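The lines below spell out each chain.
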Amino acid sequence: MSTNRGLVAHHFEDIEQQRDVEAFGMWMFLATEILIFGAVFTAYTVYRLRYAADFEAASSKLNVLIGSINTIVLLTSSLTMVLAVHATRAGRPKMLMICLLLTIFFGLTFFGFKAVEYYEDYEEALVPGLRFDPGEWAERSPPANAGHVQLMLVFYYIMTGLHAVHMIVGIGLLTWLVYRARRGTLTPARYMAVEVVGLYWHFVDIVWIFLLPLLYLAGTHRASDLHF
Amino acid sequence: MSEQLTPTKTYYSVFAALVALTLLTVGVSFFELGNWHTTVGILIGVVKASLVALFFMHLLHSSKLSWLAALAGLFWLVILMGLTLSDYLTRQVLDF
Amino acid sequence: MSDAIVRGFVPQAKARPPRTPETHYLNVEYGVKSWLLTTDHKRIAILYLIAVTALFLLGGAAATMIRLNLMTPRGELLPADTYNKLFSAHGIIMVWFFLVPVVPTVLGNFILPMMVGARDLAFPKLNLISWYIFTIGGIITLWAILAGGVDTGWTFYTPFSTKAARTNVIPTIIGIFISGFSSILTGLNFIATLHRMRAPGMTWTRMPLFLWSSYATSVILLLATPVLAMALILVGVERAWGIGIFDPDLGGDPILFQHLFWFYSHPVVYVMVLPAMGIVSEIITCFSRKPIFGYIFVAWASVGIAVLGFLVWAHHMFVAGQSVYSAQVFSALSYLVAVPSAIKVFNWTATLYKGSISFETPMLFALGFIALFTMGGLTGLMLAALGVDMHVHDTYFIIAHFHFIMVGGTVMAYMAGLHYWWPKMTGRMYSDFLSKLSALIIFVGFILTFLPQFVLGYLGMPRRYHVYPPEFQILNVMSSAGASILAVGYLLPLIYLIWSLFAGKAAGPNPWGATGLEWQTPSPPPPHNFDETPVVTSGPYEYATEEITDVH
Ligand SMILES: [Cu+2]
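One structure accompanies this document, and this report is about it. What you are looking at is a predicted structure, and each value in this text was computed from that prediction instead of being measured.

Criteria and thresholds
Residues numbered from 1 in each chain as written. Chains lettered and ligands numbered in written order. Predicted model: local features only at pLDDT ≥ 70, side-chain atom pairs only at ≥ 80, totals over all residues. Heavy atoms only, no water. Helix = DSSP H or I, 4+ residues; strand = E, 2+ residues; numbered from the N terminus. Rg over C-alpha atoms; globule rule 2.2 N^0.38 Å. Buried < 20%, exposed > 50% of the residue type's maximum accessible area, 1.4 Å probe, protein only. Contact = heavy atoms within 4.5 Å. Lys, Arg positive; Asp, Glu negative; His and termini not counted. Charge placed at Lys NZ, Arg CZ, Asp CG, Glu CD. Areas by Shrake-Rupley, 256 points an atom, 1.4 Å probe, with all protein chains shown as cover. Expected span 1.5 Å × (residues − 1). Polar contact = N/O pair within 3.5 Å; in protein donor to acceptor, adjacent residues only side chain to side chain. Buried area = accessible area lost by both parts, 1.4 Å probe. Salt bridge = Lys/Arg side-chain N within 4 Å of Asp/Glu carboxyl O. Nonpolar A, V, L, I, M, F, W, Y, C, P; charged D, E, K, R; others polar. Bend = angle between axes of the 7 residues up to and from the residue. Patch = residues over 30% accessible without salt bridge, like charges linked within 9 Å, V, L, I, M, F, W, Y side chains within 5 Å. Donors = N, O, S within 2.8 Å, 3.2 Å for Na, K, Ca; no water. Phe/Tyr/Trp six-rings, centres within 6.5 Å; stacked < 30°, edge-to-face > 60°. Lys NZ or Arg CZ within 6 Å of the ring centre and 35° of its normal. Axes fitted to C-alpha atoms, helices over the stretch in contact; angles between N-to-C directions. Parallel < 35°, antiparallel > 145°, perpendicular 65-115°, else oblique. Left-handed = near helix turned anticlockwise from the far one by under 90°.

### Quick notes on the overall build of chain C
The secondary structure content of chain C amounts to 17 helices and 0 strands. Expected size for 552 residues packed as a compact globule is a radius of gyration near 24 Å; at 23 Å, chain C falls within 12% of this value. Summarising its shape, the C-alpha atoms of chain C cover approximately 75 × 50 × 45 Å along the three principal directions. In chain C, which comprises 552 residues, the proportion classed as buried is 62%. Within chain C, contacts between residues at least 6 apart in sequence are counted, and of these 83% link residues at least 24 apart. Looking at charge distribution, chain C has the averaged site of its 28 positive side-chain charges lying 5 Å from that of its 25 negative ones.

Pasting the structure below:
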């Protein structure tokens, strides 16, 4: 305990107890997050089962190439994030800084692709309430119910939007870590800050892992769907 | 928390597996699977999510409390989905 | 009998009157900053006490207007839309800004760390942040209510809330959404504290029952609140965007909103009632001078209620259009929740049996709780029955039922707890006579307010109407008269409790002769609760029983 003087907040007995509690606290918050996303996932499931064909039709119109590339981008950011935790614990500040900046970079790359995708969705009249053509869906063969298609698209924007909000928070937390790393306060003994932000970042990644099949891969694709 | 450091090699292998599974799940969507696309996608997603949770989030070496929180979140999600669907999946069955 | 502690009796004033310690958490620092930036759980509890009391008075004012309007069948006092806004304001403020936070954030915040023998909660800064989140959410909601109001009721049912309502739905929702995170963070903080901050020797089965029920409450706060948050966001998005997932025009299902809403809003009833039960368990044992009957059953009943409470939500939707099969399942499951609640009531009764009972103020409130909660619970069973619910759905029967649980249950127990721990929080005793008088007034006023409403509902008076047929007037006037008595009962403590701060006798560390770690430290407690980390060597309610049997 004497070696950890100044490290342990006054109300904790020792550093082990403190670290344990910090990780547990973030895990509990993630349990809350599971249910935040879970509420939308449940709603989505209800309609996905009810209007299966229309949801599949709408899904096929989404840009599967950008969706897939963004999945890889996020997975890479998770890798650099966990390497940042490793670097902190191994006492390699330079490596830590590189990993944090890379994680932020991949996070921003994700937003870049997402912006392109949203713009293209708009071009293709896939934005209910703003730019949407019900007639186009009725004329397809087999015809799709334009109402149900809009329902699917509303979910698409709510789910990706909610995910994007979490990404922004995550990038904010990472920026805070960069600031702390610059000041040299992320020593091996204080690695929990990086670990806890990492837990959050990985969770956001996991959400996307499920958004990919739910939104982009609900129906059968053709090779011609692969375009920017 | 884990006291031993996980070797970085583990992280790279997990990352490789995650990328491979992503390619697999996207690849599968080009085959005619009828209604099964989402099911297959979710199953592969569960594998990927478990890899992230166990290795990147260090659940494998975490205290029981972290497991408790993670499993509680999932269990309650099952309650929410299960009981909500118990309504929607039986709307037609017993509609007098 | 030894003279050190006379067990079986409330210790009378000793030869030396108790004194207040030199430094304690209240006088260790002064100034506005020392309060607004504090991370001391005890000071944060006081901050919550002030916020929650103010909100209770506002919610009460809305209730007063409602009852005044219902004095006459034609509702001359208020226009219909004002009436709608008032009952919405009453529900929203009372549920989210009083009943849900009151016991955990005021009494829980203050007592829980001391009960486990810790110096603070696991995340003290997070605790302060929770208060700010709560306050910001409260201010936004109040602003929305005062600047135009909202008329959807506290339930925000779609498609009315998304398409038809022309009132401040979005700002109200934002306020509730924000304050929800204060609930989540409080729950998270409590669970972490109970798992990791217990004093040496404080095993799970040595924990006072208030801690068990606080744990169960926290689980609900943590896992139900996010679903409400999301349901409200979906309503807000649909309103703002003009298009959304509950929209029947697109094939959306408004009942889906009710599923998400009640997934939170049924369990949240247990957020209100579980900590109340915890308080009652503490008080019943203390003033019966007996260990609780069946400790382990009462403890696990809390956990049972928390889990089972999540499986019954669609009993609010029996007539909404859900599947008949599903309604039957939810009806059956609803009966199940009554089991752990009944276990608790039976165990309190058994604890009272042959106890050496003294009727101090907290005990009066606690006994009132048992009586009113039992009535509320039993009428709840009637409502769980599909057939009965079809008949009385959306009538005053429902209103009476849940006010018995929430006002007769939660508020009564909160008053009990506040009077029980007030000497610990402030170091002062309040007026014995006035406090007992207020307990009596509240009980009588409550019965007179809400018992007629059962009859009204059974006769078919629907809720949320600002007019009614003339034959219902007598019962409505009775109810309004009771409400005015109730109001006096609630205002009285405000006076004598504040008075006690200046003129109350010093309480001493343990005025009730109670067990529990919080009573082993001076009143008011020092900033870090305990000078030495306490070591626990025995169970929570070691009131010796052998002397009692000799009394009669
Ligand atoms: Cu209910």
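### Considering the overall build of chain A
Summing up its helical and strand segments, chain A has 7 helices and 2 strands in all. Its helices and strands taken in sequence order, chain A reads α-α-α-α-β-β-α-α-α from the N to the C terminus. Taking the principal axes of its C-alpha atoms as reference, chain A extends roughly 75 × 30 × 25 Å. The proportion of buried residues among the 228 residues of chain A is 64%. Taking as baseline every contact in chain A between residues at least 6 positions apart, the subset at least 24 positions apart corresponds to 80%. Summed over its atoms, the accessible surface of chain A is roughly 8,300 Å², and 64% of this surface lies on carbon and sulfur atoms.

### Remarks on helix α2 (residues 41-69) of chain C
Given a rise of 1.5 Å per residue, 29 residues ought to cover 42 Å, and the 42 Å separating the end C-alpha atoms of α2(C) matches this to within 8%. For α2(C), the side-chain oxygen to backbone nitrogen distance between the N-cap and K42(C) is 2.9 Å, and the N-cap itself is D40(C).

### Observations regarding the interface of chain B and chain C
Contact with chain B, which involves 16 residues of that partner, is made by 23 residues of chain C. With both sides pooled, the region where chain B packs onto chain C buries about 1,700 Å², and carbon together with sulfur makes up 76% of that total. Counting the contacts that link chain B with chain C gives 1 salt bridge. Of the charged contacts, one joins D253(C) and R91(B) as a salt bridge, the two residues approaching to 3.5 Å between their closest N and O atoms. Applying the counting rule to chain B against chain C returns 6 residue pairs in polar contact (both at pLDDT 80 or more). Each residue belonging to the side of chain B that touches chain C can be placed in one class, and the counts come to 10 nonpolar, 4 polar and 2 charged.

### Quick notes on the interface of chain B and chain A
Many structure descriptions define interface size as the accessible area lost when the parts assemble. Taken together, the 52 residues of chain B in the interface contact 55 residues of chain A. In total, chain B and chain A occlude about 4,600 Å² of area from one another, counting both sides; carbon and sulfur atoms represent 75% of this. At the junction of chain B with chain A, the criterion picks out 0 salt bridges. Across the contact surface, chain B and chain A share 7 residue pairs in polar contact (both at pLDDT 80 or more). Of all the secondary-structure elements, those providing two or more residues to the side of chain B that touches chain A are α1 (8-28), α2 (37-56) and α3 (64-88) of chain B. When residues in the side of chain B that touches chain A are grouped by element, the largest group, 13 residues, is from α3(B).

### Some words on helix α14 (residues 396-426) of chain C
All names here are of chain C. Of all bends in α14, the biggest is about 40 degrees, found at Y420, and the proline P423 comes one to four residues later. With 30 of its 31 residues buried, α14 lies for the most part within the structure. Backbone nitrogen of F397 and a side-chain oxygen of the N-cap are separated by 3.1 Å at the start of α14; the cap is T395. One or two steps after α14, the chain reaches G427, where phi turns positive at roughly 80 degrees.

### Some thoughts on a nonpolar patch on the surface
All names here are of chain C. Taken together, the side chains of L57, L491, L494, I495, I498, L501 and F502 make up a nonpolar region of the molecular surface, amounting to roughly 670 Å² of accessible area. The leading source of residues in the nonpolar patch is helix α16 (residues 473-503), at 6 residues. For I495, the position within the fold is in helix α16.

### Quick notes on the coordination of the copper ion
All names here are of chain C. Surrounding the copper ion are the protein donor atoms H266 (ND1), H315 (NE2) and H316 (NE2), which sit 1.8 to 2.0 Å from the metal. Read in sequence order, the donor residues coordinating the copper ion give the pattern H-x48-H-H. Here H316 lies in the loop between α10 (295-308) and α11 (324-352) and H266 lies in the loop between α8 (254-265) and α9 (267-288), a separation of 50 residues in the sequence.

### Considering the environment of V78(B)
Residue and element names in this part refer to chain B. Within the secondary structure layout, V78 lies in helix α3. Classification of V78 as exposed rests on a relative accessible area of 56%. Considered as a pair, V78 and H58 are 20 residues apart in the sequence and their alpha carbons are 24 Å apart.

### Thoughts on the packing of aromatic side chains
Following the criterion strictly, the structure yields 52 aromatic pairs over all chains and no others. Pairing Y118(A) with Y156(A) gives two aromatic rings, centres 6.3 Å apart and planes at 70 degrees, and the pair type is edge-to-face. One end of the pair, Y118(A), is in helix α4 (residues 93-123); the other, Y156(A), is in helix α6 (residues 146-182), and 38 residues separate them in sequence. Look at Y156(A) and you get buried, because its relative accessible area is 0%. Ring geometry for F75(B) and W76(B): centres 5.3 Å apart, planes at 80 degrees, overall edge-to-face. Through a chain of ring-to-ring contacts, three or more aromatic side chains come together here, namely F110(A), F111(A), Y118(A), Y156(A), Y157(A), W208(A), Y216(A) and W241(C). Here the guanidinium or amino end of R43(C) rests over the ring plane of W35(C), the centre of that ring lying 4.2 Å away. The ring of W204(C) carries R198(C) above its face, with NZ or CZ at 4.3 Å from the centroid.

### Points about the packing of α10(C) against α11(C)
Residue and element names in this part refer to chain C. One can describe the packing of α10 onto α11 by two numbers: an axis separation of 9 Å at closest approach and a directional angle of 155 degrees. As the angle between them shows, α10 and α11 are arranged roughly antiparallel. Handedness of the crossing formed by α10 with α11: left-handed. Of α11, the residues touching α10 (which contributes F297, V298, A301, S302, G304, I305 and L308) are L336, V337, P340, S341, I343, K344 and N347. For the contact of α10 with α11, the per-class residue count stands at 9 nonpolar, 4 polar and 1 charged.

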